[in-house]
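Tertiary structure, described
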Amino acid sequence: QVRLVESGGGLVQAGDSLRLSCVAYGRDFSNYAMGWFRQAQGKEREFVAALSWNSEYTYIEDALKGRFAISRDNAKNAVYLQMNSLIPEDTAVYYCAGYFTDLVFDKYDAVGHWGRGTQVTVSS
């Protein structure tokens, strides 16, 4: 059984930073893209960032560039999301995603596995 387990969420103040982690179990994701999505209350889940299998290609939602960064450690079967200068609008449940492709050809439809999410709350 494949599991993606997120950690690192919490309650922070505007301007703070957080680093989310996601570790995969049950499948080796070193040959597949991994990424992050988020869903704010009352809104649809939206793409945040993704990284190709070898970290050569990075995909970050345009509005988040400059504040968010994604990285991975294939030896640990893990992907990370560094979030800086957080604002209240970043408040959401953040989900780890494991793609079934090595590159990200489709940000949404190529996701094969989801984590259960970790809550990030940014207070003003």
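Placed above this text is the structure.
This section reports on the structure supplied with the text.

Procedures and definitions
- Residues numbered from 1 in each chain as written.
- Predicted model: local features only at pLDDT ≥ 70, side-chain atom pairs only at ≥ 80, totals over all residues.
- Heavy atoms only, no water.
- Salt bridge = Lys/Arg side-chain N within 4 Å of Asp/Glu carboxyl O.
- Buried < 20%, exposed > 50% of the residue type's maximum accessible area, 1.4 Å probe, protein only.
- Helix = DSSP H or I, 4+ residues; strand = E, 2+ residues; numbered from the N terminus.
- Pairing = 2+ DSSP bridges.

1. A look at the pattern of salt bridges
One pass over the full model with this rule turns up four salt bridges. Between aspartate 62 and lysine 65 there is a salt bridge; the shortest N-O distance is 3.1 Å. Of the two residues, aspartate 62 and lysine 65, both sit in the exposed class. Several salt bridges converge on common partners, so that one network encompasses Arg38, Glu46, Arg67 and Asp90.

2. Notes on the pairing of strand β5 (residues 46-51)
Along β5, five of the six residues are buried, which leaves the element largely enclosed by surrounding structure. In this structure, strand β4 (residues 34-39) lies alongside β5, joined through five bridges in antiparallel fashion. Residue pairing for β5: tryptophan 36 is matched across the bridge by alanine 49. In sequence, β4 turns back onto β5 through a hairpin of six residues, with glycine 42 there showing a positive phi of about 80°. For β5 and strand β6 (residues 58-60), the ladder comprises three bridges, and the chain directions are antiparallel.

Structural measurements only, silent on function.
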